Amino acid sequence: MADAAKDLASGTVGGAAQLIVGHPFDTIKVKLQSQPAPAPGQQPMYTGAIDAVKKTVAAEGPKGLYKGMGAPLATVAAFNAVLFTVRGQMEGMFRSEPGVPLTISQQFVCGAGAGFAVSFLACPTELIKCRLQAQGALAGASTTGSVVAAVKYGGPMDVARHVLRSEGGARGLFKGLFPTFAREVPGNATMFAAYEGFKRFLAGGSDTSSLGQGSLIMAGGVAGASYWGFVYPTDVVKSVLQVDDYRNPKYAGSMDAFRKILKAEGVKGLYKGFGPAMARSVPANAACFLAYEMTRSSLG
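About the thresholds
Residues numbered from 1 in each chain as written. Predicted model: local features only at pLDDT ≥ 70, side-chain atom pairs only at ≥ 80, totals over all residues. Heavy atoms only, no water. Helix = DSSP H or I, 4+ residues; strand = E, 2+ residues; numbered from the N terminus. Buried < 20%, exposed > 50% of the residue type's maximum accessible area, 1.4 Å probe, protein only. pLDDT = per-residue confidence, 0-100. Contact = heavy atoms within 4.5 Å. Lys, Arg positive; Asp, Glu negative; His and termini not counted. Salt bridge = Lys/Arg side-chain N within 4 Å of Asp/Glu carboxyl O. Axes fitted to C-alpha atoms, helices over the stretch in contact; angles between N-to-C directions. Parallel < 35°, antiparallel > 145°, perpendicular 65-115°, else oblique. Left-handed = near helix turned anticlockwise from the far one by under 90°. UniProt positions renumbered as here; feature names shortened; annotations may be inferred. Phe/Tyr/Trp six-rings, centres within 6.5 Å; stacked < 30°, edge-to-face > 60°. Expected span 1.5 Å × (residues − 1). Arc of directions from axis to C-beta. Patch = residues over 30% accessible without salt bridge, like charges linked within 9 Å, V, L, I, M, F, W, Y side chains within 5 Å. Areas by Shrake-Rupley, 256 points an atom, 1.4 Å probe, with all protein chains shown as cover.

Moving on, we come to the overall build of the protein. Check the secondary structure of the protein and you find ten helices and zero strands. Along the protein, helices and strands appear, N-terminal first, in the series α-α-α-α-α-α-α-α-α-α. Over its C-alpha atoms, taken along the principal directions, the protein stretches across nearly 60 × 35 × 35 Å. Here the protein holds 300 residues, and the buried ones make up 50% of them.

This is how it looks when you write it as C-alpha cells:
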C-alpha cells in the first residue's frame, strides 16, 4: 500500500477516535464562546463549563452534547486525509532518504503546510457545527440582535441549505476562513512538532519506534494541549463570526470581532470556553494519535 493511502486510512481512524472522545467538550466550548452577552447586572446564560453541561443535558438530554457531530463525522475521512497526507508528502520533500527522521523544525513546517491545506475543509465544516451547537444558547437572544437566533436548523444539511440560499451562496460557507487559517496553520505546526519532540524525549533519541501505547497517549495529549494553548483566541473569533447574524451583523470582520471582544470583555473574553477546550484536547488528541499510530503500524 502506498504511503499516501496508509496516511489516508490511518488518519481516518485517528480522526474518528478524536471526534467520538472530544465532541461533547467541543459542544460546551462553543456554547460558552457564543452565548449572548448578559444585560448589566444579570448573570450570563452559562456561568461556566459545568453549568453549561448541566443545562444542556437538562434541556436536550445527553444527545445535546453530541449536537453538530454529523458534519465533522461526515467529513472526518476527507479532513484527516488532507491533514495527514499533506503532512506525509511534505515530510517526503524534506527527507534526504527513506527512514531518515526529520528535525523538529522540519516537523513544524510540515504541520503548518498541513494546517493550511485542511483549513479549506475545516471552515465550512465548523460553521455548520457551530450553528448547530450554539442554536440552543442563541434561541433566547433578540431576533434584532447580533446573533442568528431566529433560525432553527434540523441538521447539518439544513444549515448548509440555509447558508447557500440566504447568506451569499458558497461564499457564506467560508465565513471565518481567515481566523481558521490563523488557528490551523500555527496550531498544527505546534501540535506535530510537540508530538514528535515529546516522543523523542520519552525515547531518549530520534528512534521512537519502540515506544508503547502509554507513551503515545502521553505524547498525543501534550500535542493537543500545545495546539489550543497557542491559538485559542483565534478560535473564539472564528466561532463568533460563524454564528453572527448575516443580515444584521455585529462584527465587520476578524479584527473587528477581536477588538470588540477585547473592549467588552477584556482578555478573558478571548478565552471563553478555554477550560473545556483544554479538557477535550488532551484525551481527544491522545486517542487520535494512538489510533493513527496503531493503524499506520498495522499497515506496515
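With that settled, the discussion passes to the confidence of the model for the protein. The predicted structure's coordinates, where accompanied by low pLDDT, should not be read in detail. Looking at the protein as a whole, the pLDDT averages 86, with 94% of positions reaching at least 70. When pLDDT is averaged over each helix and strand of the protein, the minimum, 81, is found for helix α3 (residues 70-94) and the maximum, 96, for helix α7 (residues 177-203). Within the model, pLDDT remains below 50 along residues 141-149, and this stretch shows 25 contacts once partners closer than five positions in the same chain are excluded.

Moving on: the side chain of Arg200. For Arg200, the position within the fold is in helix α7. No salt bridge is formed by the buried Arg200; the nearest opposite charge belongs to Glu196, separated by 4.5 Å. When near neighbours in sequence (up to four residues on either side) are disregarded, Arg200 contacts Pro101, Leu102, Thr103, Ile104, Gly205, Ser206 and Thr208.

Their axes nearest at 13 Å, the elements α7 and helix α10 (residues 274-298) cross at an angle of 70 degrees. Compared by their axis directions, α7 and α10 come out roughly perpendicular. Considering the relative orientation of α7 and α10, their crossing is right-handed. Together, Met191, Phe192, Tyr195 and Lys199 of α7 and Asn285, Phe289 and Glu293 of α10 make up the contact between the two elements.

Under the local residue numbering, the UniProt record ascribes the feature "repeat: Solcar" (unreviewed entry) to residues 2-93, 102-201 and 211-298. Segment residues 211-298 splits into 76% helix and 0% strand. End C-alpha atoms: 15 Å apart.

A word on the packing of aromatic side chains. Pairs of aromatic rings are described using the distance from one ring centre to the other and the angle between the two planes. For the structure shown, the criterion picks out 13 aromatic pairs. Each ring, one from Phe116 and one from Phe181, has its centre 5.1 Å from the other, and the planes form 10 degrees; the classification is stacked. A residue pair is termed long-range when its members are at least 10 positions apart, and Phe116 in helix α4 (residues 104-138) and Phe181 in helix α7 qualify at 65 residues. One aromatic cluster is present, built from ring pairs that chain together Phe84, Phe192, Tyr195, Phe289 and Tyr292.

Tracing the chain through its elements places Thr208 in the loop between α7 and α8 (213-242). Its relative accessible area of 16% is what places Thr208 among the buried residues.

To continue, consider helix α2 (residues 49-60). Its twelve residues place the ends of α2 16 Å apart at the C-alpha level, agreeing with the 16 Å of an ideal helix rising 1.5 Å per residue. Turning to α2, its buried residues number three or more, namely Asp51, Ala52 and Thr56. Summarising the axial view, the buried residues of α2 lie within an arc of 125 degrees, below the 170-degree limit, and thus occupy one face. Exposed residues on α2 whose side chains face more than 90 degrees from its buried face are Ile50, Lys54 and Ala58. Residues of α2 that are buried in the fold lie against α1 (3-34). Among the residues trailing α2, Gly61 stands out with phi positive, at a value near 80 degrees.

A few words now on a nonpolar patch on the surface. Taken together, Met255, Phe258, Leu262, Val267 and Tyr271 make up a surface patch of nonpolar side chains, about 440 Å² in accessible area. Residue classification places Met255 among the partly exposed residues on the basis of a relative accessible area of 47%.

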